[in-house]
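Structural overview
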Amino acid sequence: MAASVATISPINVALPHNHQEDVDTTTTTILSPDLPIDFIQDPTVKAPFEAIQRLFDHLRSHPSDVDAINSAYPKRGILKTAAVLNPKSDQKFTFDLSPHRVDCLPGEAQQRLSEIITFFEAAASAYVEDLLSACSNLAGPGVDMAKAHTNRNWNFRLCDYATENIANPESDNGCGAHTDYGTFTIIFQDGTPGLEIEDPSAPTGWSLVPGDATIVLAGWCAAILSGGRIRAARHRVRRVPGVRRLSAVLFVAPDLDVKLTPLPGVKPVRPFTERISSGEEDVAWFKEVMGKRWRHREGNEDIPEGELTGSQDDDINKLVWA
Ligand SMILES: O=C(O)CCC(=O)C(=O)O
Ligand SMILES: [Fe+2]
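Residues numbered from 1 in each chain as written. Chains lettered and ligands numbered in written order. Predicted model: local features only at pLDDT ≥ 70, side-chain atom pairs only at ≥ 80, totals over all residues. Heavy atoms only, no water.

This paragraph deals with the pairing of strand β11 (residues 235–238). Of the strand pairs in this sheet, strand β6 (residues 173–178) and β11 are connected by three bridges, and their pairing is antiparallel. Bridging from a neighbouring strand, asparagine 173 pairs with arginine 238 of β11. Bridging between strand β8 (residues 195–198) and β11 involves three bridges; their strand directions are antiparallel. From the neighbouring strand, isoleucine 197 faces β11, where its bridge partner is histidine 235. (Pairing = 2+ DSSP bridges. Helix = DSSP H or I, 4+ residues; strand = E, 2+ residues; numbered from the N terminus.)

What follows is the structure, given as structure tokens:
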């Protein structure tokens, strides 16, 4: 089968709300206010949603298998189920893997997950290099994003916006508004809409992505490494009570020891705080700062009242932009 080519338009919002009926749902978009990019989508890379649904259903009824999988990564676990008890957190379950965590899993679990792991590896092989080179072009002449991405600092996430076994089944909060920490995120959806991208020109401020589109969103590290030339995309997922939605998400981030400052050759278009422009912090530090807030929103970590000053994005905006 021939790969379909989607031209990416140089817009801040992936899918304008008033043009949704015209949108080719095979289009994959990276958000940037600057240069357009062409992105070749590989039609053979399809998220195995039947296997993903079977996995979540199996884990729901086999707590001992959950324990076995979570004990392979005891630091934070792999299946996150805060939504069972917490009505205020995101009402979803997530299953978080990475190349490292896959290696830690017992053989039986690796076997059970093989179709899913194969899919993520195929998606990474098909897309990561090309998207990094698109990001390099967006960041300016002579800039090499690939040099900052040599260690497969990737995360493989499955989301189940389930209808059962959650504390607040009537909630529309699937995933609160946030911006991903890394360079870019590729989101594969099971056909069910719910993902929205911030769009100041839309009446609600949010633009709904068609449920069968595969989409690429830039994260904070892309914004910083590109000197603000790539705009990170704030997004959220709204649940429809009674409707289940599944997604598979590939997060690509720079190597943990990369300095969190514009890459060599980048001419920033926006001033950064001293902390960022001096290059004193690295990606590992940022992942820790972001991760704490992220886990709080998802209900997996408490933050003492006094430490909560604003939303996840407000805090990071203050940290990054002068
Ligand atoms: O489920 C989705 O479509 C998006 C999930 C997401 O944004 C995230 O986990 O960071
Ligand atoms: Fe996200």
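This part takes up the site of ligand 1. In the vicinity of ligand 1, 13 residues are found, and the nearest of them are Arg157, Tyr161, His235, Arg245 and Ser247. A distance of 2.7 Å separates an oxygen atom of ligand 1 from a polar side-chain atom of tyrosine 161. Separating an oxygen atom of ligand 1 from a side-chain N or O atom of histidine 235 is a distance of 3.0 Å. Considered on its own, ligand 1 offers 300 Å² of accessible surface; in the complex 100% of this is hidden by protein. Those elements that provide at least two residues to the shell around ligand 1 are β5 (154–161), β11 and β12 (245–252). Of the residues assigned to the shell around ligand 1, the class counts are seven nonpolar, three polar and three charged. (Near = heavy atom within 4 Å. Polar contact = N/O pair within 3.5 Å; in protein donor to acceptor, adjacent residues only side chain to side chain. Areas by Shrake-Rupley, 256 points an atom, 1.4 Å probe, with all protein chains shown as cover. Nonpolar A, V, L, I, M, F, W, Y, C, P; charged D, E, K, R; others polar.)

Right, let's get into the pattern of salt bridges. If you walk through the whole model with that rule in mind, you get 15 salt bridges. For the salt bridge of aspartate 96 with arginine 157, the shortest nitrogen-to-oxygen distance reads 2.7 Å. A residue pair is termed long-range when its members are at least 10 positions apart, and aspartate 96 in strand β4 (residues 93–97) and arginine 157 in strand β5 qualify at 61 residues. Summarising the burial analysis for this pair, aspartate 96 and arginine 157 share the class buried. Note that aspartate 313 and arginine 234 form a salt bridge whose closest N and O atoms lie 2.7 Å from each other. Highlighted residues: aspartate 313 in helix α9 (residues 312–320) and arginine 234 in the loop between α6 (220–225) and β11, separated in sequence by 79 residues. The buried category is assigned to aspartate 313, whose relative accessible area is 3%. When salt bridges that share partners are traced, they join Asp57, Arg60, Asp160 and Arg244 into one network. (Salt bridge = Lys/Arg side-chain N within 4 Å of Asp/Glu carboxyl O. Buried < 20%, exposed > 50% of the residue type's maximum accessible area, 1.4 Å probe, protein only.)

Attention now moves to the coordination of the iron ion (ligand 2). The coordination sphere of the iron ion (ligand 2) contains the protein donors His178 (NE2), Asp180 (OD) and His235 (NE2), at a distance range of 2.2 to 2.3 Å. Motif for the iron ion (ligand 2), donor spacing along one chain: H-x1-D-x54-H. Separated by 55 residues along the polypeptide, aspartate 180 in the loop between β6 and β7 (184–189) and histidine 235 in strand β11 bring together distant segments of the chain. (Donors = N, O, S within 2.8 Å, 3.2 Å for Na, K, Ca; no water.)

Moving on, we get to helix α8 (residues 283–297). For α8, spanning 15 residues, the distance from its first C-alpha to its last is 21 Å, which sits close to the expected 21 Å at 1.5 Å a residue. If you follow the buried residues of α8, they end up packed against β5, β6, α6, β12, α7 (274–277) and α9. (Expected span 1.5 Å × (residues − 1). Contact = heavy atoms within 4.5 Å.)

This part covers α9. Since the α-helix turns once every 3.6 residues, residues separated by three or four places project in the same direction. For α9, the complete set of buried residues consists of Gln312, Asp313, Asp315, Ile316 and Val320. Looking straight down α9, one finds that the buried residues subtend no more than 160 degrees of arc, so they occupy a single side. Where the residues of α9 are buried, they touch β6, α6, α7 and α8. (Arc of directions from axis to C-beta.)

With that settled, consider the sheet that holds strand β10 (residues 215–218). Spatially, the six strands line up as an open sheet ordered β3-β4-β5-β12-β7-β10, and their pairing is antiparallel. The open sheet terminates on both sides in strands that have one partner only, identified here as β3 (79–80) and β10. Examined bridge by bridge, β5 and β12 share eight bridges and lie antiparallel to one another. Bridging across to β12, arginine 157 finds its partner in valine 249.

Before going further, it helps to examine the environment of aspartate 255. Mapped onto the fold, aspartate 255 is located in the loop between β12 and α7. Among the residues examined, aspartate 255 registers a relative accessible area of 4% and is labelled buried. Along the chain, aspartate 255 and arginine 152 lie 103 residues apart, while their C-alpha atoms are 7.5 Å from each other. Those residues in contact with aspartate 255 that lie beyond four places of it in its chain are Lys147, Ala148, His149, Thr150, Asn151, Asn153 and Val283.

It is worth spelling out the packing of aromatic side chains at this point. Under the counting rule described, the total for this entry stands at seven aromatic pairs. Each ring, one from phenylalanine 119 and one from phenylalanine 188, has its centre 4.9 Å from the other, and the planes form 85 degrees; the classification is edge-to-face. Residue phenylalanine 119 is located in helix α5 (residues 114–139), and its partner phenylalanine 188 is located in strand β7; the two are separated by 69 residues in the primary sequence. Judged by centre distance (6.3 Å) and plane angle (35 degrees), the ring pair of tryptophan 285 and phenylalanine 286 falls under tilted. Phenylalanine 286 shares its class with tryptophan 285; the two are buried. For the cation-ring pair, arginine 270 lies above tryptophan 321, with the distance from its terminal atom to the ring centre recorded as 3.9 Å. (Phe/Tyr/Trp six-rings, centres within 6.5 Å; stacked < 30°, edge-to-face > 60°. Lys NZ or Arg CZ within 6 Å of the ring centre and 35° of its normal.)

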